[in-house]
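Chain residues, written in single-letter form:
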Amino acid sequence: MLPGLWPAWPFFVAEDATAMTDPLKYVLHHWGLVGCVLLAAVLTFSPLRVLLPRSGIARALNRHRRLVGVAAFAYGLLHFAAHTRHVYDGTFETFWKEIGKPFQLAGLGALVILFALSVTSLDAAIRRMGSRAWKNLHRLAYVAAALAAWHQAIARKVFPPQVIWIFGPVVILQVARHWKEHADRLADRELEDAERGLLGQLQRLVVKLRSEDRPRLTALLDRLPIVSDRLRATGR
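Since we're looking at a predicted model, the values are computed, not measured.

> Would you explain the confidence of the model for the protein chain in this entry?
Low pLDDT marks regions whose predicted coordinates should not be analysed in detail. Confidence in the prediction for the protein chain averages 80 pLDDT; 74% of positions are at 70 or higher. Ranking the elements of the protein chain by mean pLDDT puts helix α1 (residues 8-13) last, at 52, and helix α7 (residues 102-119) first, at 93.

See the structure below:
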């Protein structure tokens with residue numbers, strides 16, 4: 001909740017003429033910015049866990065992923081409510097004209113997605129939906145981030161650098177995450193190929209051995225999967 005107190009600074013601590021000119025507009029922009037920052041932050045938690053599996057900080061961040069995600073929706077909702085009040089002029093005619101603009105529809109789409117993800121973030125929802133369906137639904141968070149980035153960029157009439165520094169790290173970490181997962185799959189495949197090659201050589205050796213030596217080599221072959229599992233655990 002602390003980021004939500006930021007707008008109080010130019011009003012009560014150090015007066016800012018820009019904020020005082022249109023306080024509601026200043027507040028709604030602030031809440032939208034905080035919502036975007038929290039959304040981008042929560043999307044970095046999983047990549048950090050994959051890239052830094054032994055990091056206690058990465059594990060701690062992932063334990064609070066639900067809280068940060070719901071907070072992103074809460075600030076998005078506050079942003080939408082403040083914007084509604086800002087354009088309301090006694091009738092909703094102006095509001096409907098505003099909401100019909102493409103960038104406003106993009107922001108509203110992101111808010112609807114975050115609402116669905118917040119509602120289904122409870123453990124009961126995971127049990128009810130099933131793990132696979134729940135994960136597929138929550139991948140829409142990336143769609144919400146793309147819509148929020150576009151909404152933020154177009155709303156300012158020019159492409160603001162803040163869109164890059166808010167959502168740029170998400171893109172970089174996601175690319176690094178997929179690269180690492182791909183490299184791990186290749187390493188696993190190479191290890192499996194090496195295991196099969198070694199097993200084939202040992203099996204051919206068994207055929208050539210004398211009958212009294214075969215039980216010891218057969219026992220060695222039975223231990224190969226255990227050794228392989230330990231090698232994988234050590235490598236990770």
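> Which parts of the structure should I look at to understand the packing of aromatic side chains?
Think of a pair of aromatic rings as described by two things: how far the centres are apart, and how the planes are tilted against each other in angle. Following the criterion strictly, the structure yields one aromatic pair and no others. With a centroid separation of 5.8 Å and an interplanar angle of 50°, the aromatic rings of Phe-73 and Phe-115 are classed as tilted. Taken together, the positions of Phe-73 in helix α5 (residues 65-87) and Phe-115 in helix α7 put the pair 42 residues apart, joining distant regions of the chain. The exposure class of Phe-115 is partly exposed, given its relative accessible area of 47%.

> Can you help me understand the pattern of salt bridges in this one?
Pairing between side chains becomes possible if they bear opposite charge and their charged atoms approach one another. With the rule as written, the count across this model stands at three salt bridges. Notably, a salt bridge pairs Arg-66 with Asp-123, separated by 2.7 Å at the nearest N-O pair. One end of the pair, Arg-66, is in helix α5; the other, Asp-123, is in helix α8 (residues 123-129), with 57 residues separating them in the sequence. Looking at Arg-66, the relative accessible area reads 39%, which means it is partly exposed. Asp-184 serves as the salt-bridge partner of Lys-180, at 3.2 Å between the closest nitrogen and oxygen. Residue Lys-180 and its partner Asp-184 are both found in helix α11 (residues 161-208); the two are separated by four residues, about one turn of the helix. Overall, Lys-180 belongs to the partly exposed group, its relative accessible area being 23%. The class for Asp-184 is partly exposed, based on a relative accessible area of 24%.

> Sorry, what's going on with helix α10 (residues 140-155) here?
With 16 residues, α10 extends 22 Å from end C-alpha to end C-alpha; this agrees with the ideal 22 Å at 1.5 Å per step. Turning to α10, its buried residues are Ala-141, Ala-144, Ala-145, Ala-148, Ala-149, His-151, Gln-152 and Ala-153.

> Before we go on, may I ask you to explain the packing of α7 against α10 in this structure?
When two helices pack together, their arrangement is captured by the angle between the axes and the distance separating the axes. Between α7 and α10, whose axes approach to 8 Å, the crossing angle comes to 150°. On the basis of the axis angle, α7 is roughly antiparallel to α10. Two packed elements cross with a definite hand, and for α7 against α10 that hand is left-handed. For the pair formed by α7 and α10, the contact residues are Pro-102, Phe-103, Gln-104, Ala-106, Gly-107, Gly-109, Ala-110, Ile-113, Leu-114 and Leu-117 on the first element and Leu-140, Ala-141, Val-143, Ala-144, Leu-147, Ala-148, Trp-150, His-151, Ile-154 and Ala-155 on the second. Its residues placed into classes, the contact of α7 with α10 shows 16 nonpolar, four polar and no charged.

Conventions and cut-offs
Residues numbered from 1 in each chain as written. Predicted model: local features only at pLDDT ≥ 70, side-chain atom pairs only at ≥ 80, totals over all residues. Heavy atoms only, no water. pLDDT = per-residue confidence, 0-100. Helix = DSSP H or I, 4+ residues; strand = E, 2+ residues; numbered from the N terminus. Phe/Tyr/Trp six-rings, centres within 6.5 Å; stacked < 30°, edge-to-face > 60°. Buried < 20%, exposed > 50% of the residue type's maximum accessible area, 1.4 Å probe, protein only. Salt bridge = Lys/Arg side-chain N within 4 Å of Asp/Glu carboxyl O. Expected span 1.5 Å × (residues − 1). Axes fitted to C-alpha atoms, helices over the stretch in contact; angles between N-to-C directions. Parallel < 35°, antiparallel > 145°, perpendicular 65-115°, else oblique. Left-handed = near helix turned anticlockwise from the far one by under 90°. Contact = heavy atoms within 4.5 Å. Nonpolar A, V, L, I, M, F, W, Y, C, P; charged D, E, K, R; others polar.

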